[in-house]
Amino acid sequence: MTSTVSIVIPCYNKGAYVKAAIESALSQTHPCQVVVVDDGSTDNSLEEIRRFDGQITWETGPNRGGSAARNRGLA
């Protein structure tokens, strides 16, 4: 039986850290899906996230708060 693991990373103005978070998630030994939700960042977060296009699932939208970003990632 194969289990599916999803890692949801909400992001708001954390351009300095989001690259490391995504790389850490992608380096896990168990295969996983990485979902990043940009919560309306105004810094370079979205640019950093887009570098991983094709390796992760990502989306962006207006700033609605961390809980909304996590819920969107779960959906």
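Residues numbered from 1 in each chain as written. Predicted model: local features only at pLDDT ≥ 70, side-chain atom pairs only at ≥ 80, totals over all residues. Heavy atoms only, no water.

**Considerations on the sheet that holds strand β1 (residues 5–11)**
Here three strands make up an open sheet; going across it, the order is β1-β2-β3 and the pairing parallel. Each edge of the open sheet carries a strand with a single partner, namely β1 and β3 (57–60). Here the average twist between neighbouring strands, direction ignored, is 15 degrees. Relative to strand β2 (residues 32–38), β1 runs parallel, the two sharing seven bridges. What sits directly across from Ile7, in β2, is Val34. (Pairing = 2+ DSSP bridges. Helix = DSSP H or I, 4+ residues; strand = E, 2+ residues; numbered from the N terminus. Axes fitted to C-alpha atoms, helices over the stretch in contact; angles between N-to-C directions.)

**Quick word on helix α1 (residues 15–26)**
The terminal C-alpha atoms of α1, which comprises twelve residues, lie 17 Å apart, in line with the 16 Å expected from a rise of 1.5 Å per residue. Those residues of α1 that fall on the buried side of the exposure criterion are Gly15, Val18, Ile22 and Ala25. Projected onto a plane normal to the axis of α1, the buried residues spread over an arc of 75 degrees and lie on a single side. Looking at α1, the residues exposed on the side facing more than 90 degrees away from the buried face are Ala16 and Tyr17. Against β1, β2 and α2 (45–50) lie the buried residues of α1. (Expected span 1.5 Å × (residues − 1). Buried < 20%, exposed > 50% of the residue type's maximum accessible area, 1.4 Å probe, protein only. Arc of directions from axis to C-beta. Contact = heavy atoms within 4.5 Å.)

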